[in-house]
Amino acid sequence: MDILAKVKEIIVEELGVEESEVTPEANFIEDLGADSLDTVELIMKFEEEFDIDIADEEAEKLTTVGKAIEYLKTKLG
Amino acid sequence: MKGFEDKIAVVTGSARGIGFAIAEAFAQNGATAVILDLNQEDVNNAVQKIDDAGLRAIGFVADVTDSDSINNIFKEIHHKFEKIDILVNNAGITKDGLIMKMKESDWDAVINVNLKGTFNCTQKVIRYMLKQKFGVIINITSIIGIMGNAGQANYAASKGGIIALTKSSAKEFSSRNIRVNAIAPGFIQTDMTAKLPKEVIDKYTAAIPLSCMGLPKDIANLCIFLASDEANYITGQTIQVDGGLLI
C-alpha cells in the first residue's frame, strides 16, 4: 500500500483542500484550516482506513502532514 | 403538514408510548421512521402499524447501553439510506425508590439507559451528521430533570444530565449546522402512567394549570417543529411540554 498517497487522499477529502497544499510541513490547523472537530475526524478516518488504533496522546502529536505520515509509516511498518 | 420527504428519522425506545408517537409523526410528515427498541416483537408491531397506514418505517432491535451494537446499527442505517437526518433520543426507564433504600443496581440501570444511552447514540450518529454538515438531535428529558422528585433521584439525575449533555452537544456541533435540543415532558398519558391509581392521577392533574394530562402527540408535535427548518435558529434549549405544571 502506498501510505503517502493514501494519507494525502484522505486529507484532501476530509479537509477539502487542494493536493498541492498537502506538503509535509503543512500544519493541519494553521495551514490547512482544520478545526478541532476536523482533526478528530481525520484521526478517526486514519484509524478506519488503515485499521489501527491511534491513542489520544499519540494523536495530539500529529500536528502536521509530515508527522502523520511518519507516524503511520512506523505504525504500519 | 409535510416537509420531511427523503428524511431519515431515528427514534430510540419507539416501539410504544411517546417514542412511537414521535416515530409515527415523522412518518406522517413524509420521513422514513427508524424504530429502535429492545424487543423484536414490539419493534415488528410498531413497524407494521406505520406500514399499515401506508407510511415508511423500518426497525432494529437495539440496546442503547451497548455502544458497539449501537455503532453497528447506525452503520447499517447509514449504509442503507446514505444519510441520517434526525435522531431522537427517547429511550428511558424508571426504577423509583428513596435514596436511603435505592439499590446501586437501580441507580446504575437508570443512568445507563437514560444518560449513557443518549450519549452512545449521539456519539455514534454524529460522525455521519458531521460529514453531512446537517443534522438534528432531540433529547427527551423530563420536567423531573429540572425540578427533582422524591423517590426518583436516579431518574432526575439522568434527566438533568441529559439537559447538560444537550447544551454541550449543541456547542460542539453547531459549527457543522447540527442543532441539538431537549424536550421536557410533564405528565403524559402512556402505558406507564396508565398503571397509576386514579387518586394519584387526579392529584397530579389537579396541579396542572391546563387541567389535563398531556398526550404523546403533544411531544411528537414539538419534535416535528424542532426537526423542521422552521426551528433553524434554535439550539441548546430545553422546552417544557407540561401544561404549565412547572412554571
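Residues numbered from 1 in each chain as written. Chains lettered and ligands numbered in written order. Predicted model: local features only at pLDDT ≥ 70, side-chain atom pairs only at ≥ 80, totals over all residues. Heavy atoms only, no water.

**Student:** Looking at this structure, how should I read helix α1 (residues 17-28) of chain B?
**Tutor:** Residues spaced three or four apart along an α-helix point in a common direction, a consequence of the helix completing one turn every 3.6 residues. Residues and elements named next belong to chain B. Spanning 12 residues, α1 covers 16 Å between terminal C-alpha atoms, matching the ideal 16 Å at 1.5 Å per step. Among the 12 residues of α1, 9 are classified as buried, and the element is accordingly described as predominantly covered. All buried positions along α1 are accounted for by Ile18, Gly19, Phe20, Ala21, Ile22, Ala23, Ala25, Phe26 and Ala27. Where α1 ends, the next residue or the one after it, Gly30, has phi of about 105°, a positive value. (Helix = DSSP H or I, 4+ residues; strand = E, 2+ residues; numbered from the N terminus. Expected span 1.5 Å × (residues − 1). Buried < 20%, exposed > 50% of the residue type's maximum accessible area, 1.4 Å probe, protein only.)

**Student:** Explain the environment of Asp63 of chain B here, please?
**Tutor:** Residues and elements named next belong to chain B. Checked against the element boundaries, Asp63 lands in the loop between β3 (56-61) and α3 (67-81). Using a relative accessible area of 31% as the deciding quantity, one classes Asp63 as partly exposed. In the structure, Asp63 is positioned 27 residues away from Leu36 in sequence and 8.2 Å away in space, judged by C-alpha atoms. Setting aside its immediate chain neighbours within four residues, Asp63 contacts Leu38, Ser69 and Ile70. A polar contact is formed between the side chain of Asp63 and the side chain of Thr65, at a distance of 2.7 Å. (Contact = heavy atoms within 4.5 Å. Polar contact = N/O pair within 3.5 Å; in protein donor to acceptor, adjacent residues only side chain to side chain.)

**Student:** Would you explain the packing of helix α1 (residues 3-15) of chain A against helix α2 (residues 36-50) of chain A in this entry?
**Tutor:** Relative placement of two packed helices is described by the angle separating their axes and the distance separating the axes. All names here are of chain A. For the pair α1 and α2, interaxial distance at closest approach is 10 Å and the crossing angle is 140°. Taken together, the axes of α1 and α2 lie oblique to each other. The handedness of the crossing between α1 and α2 is right-handed. Along the contact surface, α1 presents Ile3, Lys6, Val7, Ile10, Ile11, Glu14 and Leu15, while α2 presents Asp38, Glu41, Leu42, Lys45, Phe46, Glu49 and Phe50. (Axes fitted to C-alpha atoms, helices over the stretch in contact; angles between N-to-C directions. Parallel < 35°, antiparallel > 145°, perpendicular 65-115°, else oblique. Left-handed = near helix turned anticlockwise from the far one by under 90°.)

**Student:** What is the right way to look at the packing of α1 of chain B against helix α9 (residues 216-227) of chain B in this model?
**Tutor:** Residues and elements named next belong to chain B. Where α1 meets α9, the closest approach of the two axes is 8 Å, and the angle between their N-to-C directions is 45°. As the angle between them shows, α1 and α9 are arranged oblique. Crossing angle aside, the handedness with which α1 passes α9 is right-handed. From α1, Gly17, Ile18, Ala21, Ile22, Ala25 and Phe26 reach across to α9, where they touch Pro216, Lys217, Ile219, Ala220, Cys223, Ile224 and Ala227. A per-class count over the contact of α1 with α9 returns 11 nonpolar, 1 polar and 1 charged. (Nonpolar A, V, L, I, M, F, W, Y, C, P; charged D, E, K, R; others polar.)

**Student:** Hey, could you run me through the state of the cysteines in this one?
**Tutor:** Think of a disulfide as a covalent bridge from one cysteine sulfur atom to another cysteine sulfur atom. Residue and element names in this part refer to chain B. Enumeration over the complete set of coordinates arrives at 0 disulfides over all chains. Sulfur of Cys223: no disulfide; nearest cysteine sulfur belongs to Cys121 and is 15 Å away. Using a relative accessible area of 0% as the deciding quantity, one classes Cys223 as buried. (Disulfide = S-S within 2.5 Å.)

**Student:** I keep staring at the nonpolar core and nothing clicks. Help me out?
**Tutor:** Grouped burial of nonpolar side chains is what soluble globular proteins tend to show. Residues and elements named next belong to chain B. If you look at the biggest cluster of nonpolar residues, it comprises 37 residues, and the most contacted ones within it are Ile22, Phe26, Val88, Ile138 and Ile183. Taken together, the elements giving at least two residues each to this core come down to β1 (8-12), α1, β2 (32-37), α2 (40-52), β4 (86-89), β5 (135-140) and α9. A per-element tally of this core places α1 first, with 8 residues. Ignoring sequence-local partners within four residues, the contact set of Val88 consists of Val10, Val11, Thr12, Ile22, Phe26, Ile138, Ile140 and Cys223. By size, the runner-up hydrophobic cluster in this structure holds 28 residues, among which are Val10, Leu36, Phe74 and Val113. (Core = buried A, V, L, I, M, F, W, Y, C linked by side-chain atoms within 4.5 Å.)

**Student:** Can you walk me through unusual backbone geometry in this structure?
**Tutor:** For residues that are not glycine, phi is negative in most cases, and the peptide bond is trans in most cases. Unusually for a residue other than glycine, Asp51 of chain A sits at a positive phi of about 55°. Mapped onto the secondary structure, Asp51 of chain A falls in the loop between α2 and α3 (56-59). For Asp51 of chain A, a relative accessible area of 71% translates into the label exposed. For Ser211 of chain B, which is not a glycine, the phi torsion comes out positive at approximately 60°. As for its position among the elements, Ser211 of chain B is in the loop between α8 (198-206) and α9.

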